[in-house]
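# Residue-level structure breakdown
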Amino acid sequence: MKFNTKVIHGNQHHEEVTGAVMPPVFQTSTYAQTSPGKPVGDYEYSRAANPTRQALEDALASIENGARGLAFASGLAATDCLLRMFKAGDEIIAMDDLYGGTYRLFTRLYKDSGIKFHFVDMNDFDTFQSLINENTKLVWVETPTNPLMKLADIAEIAKITKKHNILFAVDNTFATPYLQKPLDLGADIVMHSATKYLGGHSDVIAGALIIKDKDLGDELHFKQFATGGTLGPMDSFLVLRGIKTLHLRVQRHCENGEKVANFLANHPEVATVYYPGLPDHPFHEIAKKQMSGFGGMVSFTFKSGKKEDAISFLEKLKVFTLAESLGGVESLANHPTLMTHASIPEDKRKEIGITDDLVRLSVGVEDITDLLADLEQAFR
């Protein structure tokens, strides 16, 4: 199947009893057994498996070309499940520009676990490879990153991780499998905050892992079952419904995102625009190499460099909504320093380039004329 067909039909089946085209919401915690230890079907308890969640997990595996998909209560729950693969003395190399929640999980929740984290510019291959040793167990990459839209060359990193027998995980939230398929490029695991583009309507909190190797997928499923961070049936239904229009939505996100980026790049009050579709973006060539489009996420700074100008701009927006999160049909605006990345220490934010005048836009699927008019009036 081609991708646009996979999002609708990939690994999906009509419900056996009624022939329902969409999987029903199996709002149940447990399942009848004919005799002790002999369930009627394949299900015993919904923490282990639920038919609605299974339909979503099968769809996730299909659209990312993986062997197994797992659906979680949030993206951070998915990331936490993966981290439970490792023990004291293990080392993880992560990209230096990360979603604030991921950075918080790595540096605060796991700071006493004995796992050592290294944060590095993944385009500096010399420094990256110098950190690899016999204890290195995982390389974690976001591409594009949140909020500076940095990219990492997935295929080149995969060559290095395979050489050293290290697991390689990619947060594919910003790109989605419509634009980028990390498993095909050599990664072992893909993570999604399914709250964002996969769900696509800002009405659900969810996460996902998609694994290339079945045995590794089974091991992660056991950890998911044992720790309990699973996604409920109603939320599973909402994400599955969102996936069916992913290709339509992301295409419009890309179209609008490119026009917003070009508008900002030519605006007299804007200093820098972070969007991989712009020819002068430092990672434009990597984006063209591994992505089929450039997405709907755009960040920018002001020529004044003033935090007050960013706040004033955000307060004036009318079509864009000032809110955390991203990837919904509606356009959202965010101030990373005060909102999504506030958990990252100030000195670290400055080191990687997250300044107080930085604004991040999640460009939605509204009429582009209305979006550009809203941005223009907010600059006044």
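Residues numbered from 1 in each chain as written. Predicted model: local features only at pLDDT ≥ 70, side-chain atom pairs only at ≥ 80, totals over all residues. Heavy atoms only, no water.

### What about the overall build of the protein?
Worth spelling out the cut-off: Secondary structure elements are taken from DSSP: a helix is a run of H or I of four residues or more, a strand is a run of E of two residues or more, and numbering for both begins at the N terminus. Between the two quantities, the radius of gyration covers C-alpha atoms and the globule rule is 2.2 Å times the number of residues to the power 0.38. We call two residues in contact whenever any of their non-hydrogen atoms come within 4.5 Å of each other. Here, Shrake-Rupley sampling with a 1.4 Å probe gives the accessible areas, and only protein chains in the shown set may cover a residue. We count Lys and Arg on the positive side and Asp and Glu on the negative side, and we leave His and both chain ends out. Think of each charge as sitting on NZ of Lys, CZ of Arg, CG of Asp or CD of Glu.
The helix and strand tally for the protein stands at 14 helices and 14 strands. For 380 residues, the compact-globule estimate of 2.2 N^0.38 gives 21 Å, and the protein sits close to it at 21 Å. Dimensions of the protein along its principal axes, counting C-alpha atoms only, are 75 × 50 × 35 Å. Taking the contacts inside the protein whose residues are at least 6 apart along the sequence as the reference set, 73% of them involve residues at least 24 apart. If you sum the accessible surface of the protein, you get close to 15900 Å²; carbon and sulfur atoms cover 51% of it. Taken as two groups, the 39 positive and 49 negative side-chain charges of the protein have centres that lie 2 Å from each other.

### Quick notes on the packing of helix H2 (residues 51-64) against helix H9 (residues 233-243)
The criterion, for reference: Whenever a helix is involved, its axis is fitted only over the stretch in contact; in every case the axis is a line through C-alpha atoms, and angles between N-to-C directions fall within 0 to 180 degrees. Should the near helix be turned anticlockwise from the far one by less than a right angle, the crossing is left-handed, and should it be turned clockwise, the crossing is right-handed. Think of it as three bins: nonpolar holds Ala, Val, Leu, Ile, Met, Phe, Trp, Tyr, Cys and Pro, charged holds Asp, Glu, Lys and Arg, and polar takes everything else, Gly as well.
Contact geometry for H2 and H9: axes closest at 8 Å, N-to-C directions at 35°. For the crossing formed where H2 meets H9, the hand is left-handed. Side by side, H2 and H9 meet where Thr52, Arg53, Ala55, Leu56, Ala59, Leu60 and Ile63 of the first sit next to Pro233, Ser236, Phe237, Val239, Leu240 and Ile243 of the second. Here the residues of the contact of H2 with H9 are counted per class, giving 10 nonpolar, two polar and one charged.

### Quick look at the sheet that holds strand E11 (residues 297-302)
Rules: Only when DSSP finds a minimum of two bridges between them are two strands counted as paired.
Read from one edge of the open sheet, five strands run E10-E11-E14-E13-E12, paired in mixed fashion. The sheet is open, and its two borders are formed by strand E10 (270-274) and strand E12 (321-322), each paired with just one other strand. Here E11 pairs with strand E14 (residues 359-362) via four bridges, running antiparallel. Residue pairing for E14: Val298 is matched across the bridge by Leu361.

### Observations regarding the pairing of strand E5 (residues 116-120)
Just so we agree on the cut-off: Seen with the strands pointing away from the viewer, any crossover whose path from the first strand over the helix to the second strand runs clockwise is right-handed.
Across five bridges, strand E4 (residues 91-95) lies against E5 in parallel orientation. In the sheet register, Glu91 faces E5, and the bridge partner there is Lys116. After leaving E4, the chain enters helix H4 (residues 100-109) and then returns to the sheet as E5, a path that is right-handed.

### Brief notes about empty space enclosed by the protein
What counts, and what does not: Definitions used for this entry: grid spacing 1 Å over protein atoms alone; cavity, a set of points where a 1.4 Å probe fits but cannot get out; pocket, an open set with protein on both sides within 12 Å along at least 5 of 7 lines; lining residue, one with an atom within 4 Å of a point. Grid points are joined across faces, edges and corners, and a volume is the space filled by probe spheres set on the points.
Per the stated rule, a full pass over the model turns up one cavity of 30 Å³ or more. Contributing to the lining of the largest cavity are Pro144, Met149, Phe174, Ala175, Leu179, Met291, Phe294, Gly295, Gly296 and Met297. By residue class, the composition of the lining of the largest cavity is eight nonpolar, two polar and no charged.

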